[in-house]
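Given next are the chains, with one letter for each unit.
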Amino acid sequence: MKIESLIRENIRNLAPYSTARDEYSGNLGIYLDANENPFDSGINRYPDPHQRSLKERLAQIKGVSPSMIFTGNGSDEAIDLMFRIFCTPSVDEAISIAPTYGMYKVAAAINDVKLVEVALDEDFALSAAKILEAVTAQTKLVFLCSPNNPSGNLLSGSDIERVLREFHGIVVLDEAYIDFAAQGSSFLSKIVDYENLVVLQTLSKAWGMAGIRLGLAFASELIISTMNRVKYPYNINVLTNRVALENLYSIDSQLTVIVSERERLRQEFSKFDFIKTVFPSDANFLLIKVEEPRKLYDRLIDRGVIVRDRSRIAGCEGCLRVTVGTPEENSKLLEILGDYQ
Ligand SMILES: Cc1ncc(COP(=O)(O)O)c(C=O)c1O
C-alpha cells in the first residue's frame, strides 16, 4: 500500500505557510521578525509552531520518536485533519463503527464526506469482516474507537489487526480512554508495523487536562509530517503548551482510584433491580441499561447529578452513560440510586 497515493493531490502539492520561527529558530537575539509586541508578558511571543519541547516530553512518556507525534487542539483537530488530508469532498468515503463517539460523523459531514456506519455486534464487539464488507473503492478512512465511547469496551485486538492488514486505507484508532484499560491494550507500539495506522490519544481524560485542549496523534513520519503541513501554524498556544509540560507527570494515583471506583460502581449498580445491564467497561465511565432512562435521568438531575442520556442512539436503547466521579461523588450517586424506585 502506498500511503503517499492516499493523500489528496492538492495536499501532496501544498506549500505550507512558513512562520517567522520556521525561518529563524535560534533562541538568542532581538526578535524583530514576527510583528509581535516586544514587551515581555510571558505571552507576547508566538508559540513554537512545532511544539518541540512538548513532543520531546511526550516521546519520553510514550516511547515513540517525536517525529511520529502530532499535537492538536483536542483530538477533534486530528480527526478533522484526517478528512482534509485523505478525503476529497463529495467523492471519498469513510467508515465508522456504531455506536461510537459522535465527532467522526460531524467531521465527515463538515468535510462533505459520506460516513458509512457499521453496527457493532449486540455486545458491542467489533467484527472485522463487517467493516471490510462495507469498504468500497472510495473508502479512505476507517474510524475505530477502543475503548469505545459510549459502550466502554475494548475492541478485539485481532479484529483491529485484521482491518489494518486487509483495508488499503487509513485506520484511525481512537484510544482516548486507553489509560483506563489493562496495560498492553494500546496499539501505539504498532505504528512502526502498520504504516496505515493512526492512533489518537488525548490529555483530556486520564491526564486530567480537558480544559487545555491537547489531543495527540501517533503515526508514521509521512502521515505526521503531512498533518503538520496542513494544520494551522500556531495550533497549540503558549498557555496550553506550558500547562501540559508542567502537568505531564505521573497519573498513576488518580488512575488507580478511578479504576477501583469504576469496579465499585459496577458492583453496586448490578445490585439495583431497575438497572438491567451494566456493560463491561475498560474506560472511566459505565454504560447502563434501565427500563425508563428518561425518568431516571430526570430524577438524577433533580438531585443534582448529571449523567449522559444515550438512549436515543441506535444500539444504546434504554442506556445512560455514567462517568466515574470522585469516591465522594460516587457514594452520593449510589445513595440517590438507593432512594430511587
Ligand atoms: C472517543 C473520544 N475521542 C476523543 C474525545 C475528545 O477528546 P479531546 O478532548 O482530546 O478533543 C472524546 C471525548 O469525549 C472521546 O470520547
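Since we're looking at a predicted model, the values are computed, not measured.

Asker: Please set out the UniProt feature "domain: Aminotransferase class I/classII large" (unreviewed entry) in the protein residue by residue, giving values where relevant.
Answerer: In the UniProt entry, the feature "domain: Aminotransferase class I/classII large" (unreviewed entry) is given for residues 41-336. Overall, residues 41-336 shows 37% helix and 19% strand. The separation of its end C-alpha atoms is 48 Å.

Asker: Could you give an account of the pairing of strand S6 (residues 197-202), naming the residues involved and the relevant values?
Answerer: For S6, the tally of buried residues reaches six of six residues, placing the bulk of the element in the interior. What you see with S6 is no split at all: Leu197, Val199 and Gln201 on one side and Val198, Leu200 and Thr202 on the other are buried throughout. Where strand S5 (residues 170-174) meets S6, four bridges bridge the pair, whose relative direction is parallel. What sits directly across from Val172, in S6, is Val198. As judged from the four bridges shared by S6 and strand S7 (residues 215-218), these two strands associate in the antiparallel manner. When the sheet's bridge partners are listed, Thr202 is paired in S7 with Gly215.

Asker: Account for the nonpolar core, with residues named and values stated.
Answerer: Counting residues in hydrophobic clusters, the biggest one holds 85 residues, and the most contacted among them are Met82, Phe83, Leu144, Ile170 and Met227. When residues in this core are grouped by element, the largest group, seven residues, is from helix H5 (residues 74-86). Summarising the domain contributions, this core has at least three residues from each of domain 1 (3-16 + 45-247) and domain 2 (252-339). For Leu144, the contacting residues outside a window of four places in its chain are Ile97, Tyr104, Leu126, Ile131, Leu155, Ile160, Val171, Val172, Leu173 and Asp174.

Asker: Describe the UniProt feature "modified residue: N6-(pyridoxal phosphate)lysine" (unreviewed entry) in the protein, naming the residues involved and giving the relevant values.
Answerer: With numbering aligned to this structure, UniProt lists the feature "modified residue: N6-(pyridoxal phosphate)lysine" (unreviewed entry) at Lys205. Mapped onto the secondary structure, Lys205 falls in the loop between S6 and S7. Excluding anything up to four places from it in sequence, Lys205 contacts Ala176, Tyr177 and Phe180.

Asker: How would you summarise unusual backbone geometry if you had to cite specific residues and measurements?
Answerer: A cis amide bond links Ala98 to the next residue, Pro99, at an omega of 0°. Mapped onto the elements of the fold, Pro99 is located in the loop between strand S2 (93-98) and helix H6 (103-110). In this structure, Pro150 follows Asn149 across a cis peptide bond, with omega equal to 15°. Turning to its location among the elements, Pro150 is positioned in the loop between strand S4 (139-145) and helix H8 (157-166). Positive phi outside glycine occurs at Asn35, with the angle close to 55°. In this structure, Asp112 takes a positive phi of about 55° despite not being glycine.

Asker: Explain the environment of Glu335 to me, using residue names and the numbers behind them.
Answerer: Residue position: Glu335 is located in helix H13 (residues 327-339). Through-space distance from the C-alpha of Glu335 to that of Asp92 is 50 Å; in sequence the pair is 243 residues apart.

Asker: Would you mind going over the domain arrangement of the protein in detail, with residue names and values included?
Answerer: If you check the domain split of the protein, you get domain 1 (3-16 + 45-247) and domain 2 (252-339). Inter-centroid distance (C-alpha atoms) of domain 1 to domain 2 is 28 Å. With 15 residues of domain 1 at the contact, the number on the domain 2 side is 19 residues. Across the domain 1/domain 2 interface, buried area totals approximately 1,300 Å², and carbon plus sulfur atoms make up 65% of it. Sorting the residues of domain 1 by area buried against domain 2 places Phe124, Pro150 and Phe180 first, and these three jointly supply 45% of that buried surface. In this assembly, domain 1 and domain 2 are joined by zero salt bridges.

Asker: Pulling in residues and values, what's your account of the pairing of strand S9 (residues 285-290)?
Answerer: Across the six residues that make up S9, a large majority, five, are buried. Pairing geometry for strand S8 (residues 275-278) and S9, over three bridges, is antiparallel. Bridge pairing in S9 places Val278 opposite Ile288. Taking the residues that link successive antiparallel strands as the turn, the S8-S9 hairpin has six residues. Across five bridges, S9 lies against strand S11 (residues 319-323) in antiparallel orientation. Residue pairing across strands places Lys289 opposite Cys319, the latter belonging to S11.

Asker: So, helix H10 (residues 238-247): which residues are in play, and what are the values?
Answerer: One full turn of an α-helix is made of 3.6 residues, so residues set three or four places apart face in the same direction. Among the residues making up H10, those that are buried are Val238, Thr240, Asn241 and Ala244. Buried residues along H10 cover an arc of 170° about the axis, so they all sit on one side. For H10, the elements touching its buried residues are helix H4 (52-62). Looking at where H10 begins, the residue whose side-chain oxygen comes 2.9 Å from the main-chain nitrogen of Leu239 is Asn237.

About the cut-offs
Residues numbered from 1 in each chain as written. Predicted model: local features only at pLDDT ≥ 70, side-chain atom pairs only at ≥ 80, totals over all residues. Heavy atoms only, no water. UniProt positions renumbered as here; feature names shortened; annotations may be inferred. Helix = DSSP H or I, 4+ residues; strand = E, 2+ residues; numbered from the N terminus. Buried < 20%, exposed > 50% of the residue type's maximum accessible area, 1.4 Å probe, protein only. Pairing = 2+ DSSP bridges. Core = buried A, V, L, I, M, F, W, Y, C linked by side-chain atoms within 4.5 Å. Domains from an automatic or database assignment. Contact = heavy atoms within 4.5 Å. Buried area = accessible area lost by both parts, 1.4 Å probe. Salt bridge = Lys/Arg side-chain N within 4 Å of Asp/Glu carboxyl O. Arc of directions from axis to C-beta. Polar contact = N/O pair within 3.5 Å; in protein donor to acceptor, adjacent residues only side chain to side chain.

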